[in-house]
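# Coordinate analysis (summary)
Below are the chains, spelled out letter by letter.
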Amino acid sequence: GLQGAVMVGFIGGLLSASSYTDNTLRYIAIKQTLEWKIDPDPTKREKITMEEFLSKVTDLCAKIDNRDLRISTKIDKDDLNSLRQSCNVPLDSRIIALIDITTIGCCEKSLVLTSEGLHWNNGDTVGFCQWRDLANLDVKSGDSKYTVMLGDDELNTAGSSMDQPDVLLLLSTLQYYSYFL
């Protein structure tokens, strides 16, 4: 609906911004706006189905223009196999998109969006969060301008053209959607 279109417009503006500071300020403003719109009482929230949620995730990722965020149709077979192995993605999980956080584009360190949730490999830890649990995952900036915290795991985005504020905004938007599951 209109709310989704407005959000995609906000996100498009953020992801096309040129400076780290501009992105960070936009991220903070949008995150606060999204959190303000969520009723603290889960029984009063309008629910969406998992299929609707996955459609929103797919649409959102398709609209983001960044060389290190690739939707499934733009991931070659070798990279898909590498992703499944390095991020522990089961064969029956549909890969929606990936954010490659390596400097050489080999996808060994990645954040992968699947039909079941988020899978990641940061080089030290392989992690997973189901979509329904994403609303409760502590997602925030890390100690440097390149790091994103997913609970206790740290993703370093220094090797990616999708920088910390962009990754944070994407994850915050996904968190926002997950509140309605």
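Since this is a predicted model, take the numbers as computed values, not measurements. (Residues numbered from 1 in each chain as written. Predicted model: local features only at pLDDT ≥ 70, side-chain atom pairs only at ≥ 80, totals over all residues. Heavy atoms only, no water.)

## Digging into the overall build of the chain
When helices and strands are counted, the chain shows six helices and eight strands. In sequence order, the secondary structure elements of the chain are arranged as α-α-α-β-α-β-β-β-β-α-β-β-β-α. Counting all 181 residues of the chain, 49% fall into the buried class. For the chain, long-range pairs separated by at least 24 residues make up 54% of all intrachain contacts whose partners lie at least 6 apart in sequence. Only carbon and sulfur atoms are counted for the fraction: they give 49% of the accessible area of the chain, which is about 9400 Å². (Helix = DSSP H or I, 4+ residues; strand = E, 2+ residues; numbered from the N terminus. Buried < 20%, exposed > 50% of the residue type's maximum accessible area, 1.4 Å probe, protein only. Contact = heavy atoms within 4.5 Å. Areas by Shrake-Rupley, 256 points an atom, 1.4 Å probe, with all protein chains shown as cover.)

## As for the confidence of the model for the chain
Mean pLDDT over the chain works out to 79, with 75% of the residues at or above the 70 mark. Mean pLDDT values for the elements of the chain range from 44 in helix α1 (residues 2–16) up to 95 in strand β5 (residues 126–130). (pLDDT = per-residue confidence, 0-100.)

## Concerning unusual backbone geometry
Backbone geometry at Asn88 places phi at a positive 60 degrees, although glycine is not the residue there. Structurally, the position occupied by Asn88 is in the loop between α4 (77–86) and β2 (95–100). Under the relative-accessibility criterion, Asn88 is labelled exposed at 55%.

## Side note on the pairing of strand β8 (residues 153–156)
Going residue by residue along β8, you find Asp153 and Leu155 tucked away on one face and Glu154 and Asn156 left uncovered on the opposite face. Hairpin connection between strand β7 (residues 147–150) and β8: a loop of two residues separates the two successive antiparallel strands, and Gly151 in this loop has a positive phi of roughly 65 degrees. (Pairing = 2+ DSSP bridges.)

## Structural notes on the sheet that holds strand β3 (residues 110–114)
The strand order across the open sheet formed by five strands is β1-β2-β3-β4-β5, and the pairing between neighbours is antiparallel. A single partner strand is all that each edge strand has here, and the edge strands are β1 (69–71) and β5. Taking each pair of neighbouring strands and ignoring which way they run, the sheet shows an average axis angle of 15 degrees. Direction of pairing for β3 relative to strand β4 (residues 117–121): antiparallel, over a ladder of four bridges. Across the sheet, the residue bridging to Ser110 is Asn121, located in β4. With respect to the sheet, helix α3 (residues 50–63) is in contact with β1, β2 and β3, its orientation differing from that of β2 by roughly 40 degrees. (Axes fitted to C-alpha atoms, helices over the stretch in contact; angles between N-to-C directions.)

## A few points about the packing of α3 against helix α6 (residues 164–178)
Helix-helix packing is characterised by the crossing angle of the two axes and by the distance between the axes. Closest axis-to-axis distance for the α3/α6 pair is 10 Å, and the angle between their directions is 160 degrees. As the angle between them shows, α3 and α6 are arranged roughly antiparallel. Crossing geometry of α3 relative to α6 is assigned as right-handed. Contact residues: Phe53, Lys56, Val57 and Leu60 in α3; Leu170, Thr173, Leu174, Tyr177 and Ser178 in α6. (Parallel < 35°, antiparallel > 145°, perpendicular 65-115°, else oblique. Left-handed = near helix turned anticlockwise from the far one by under 90°.)

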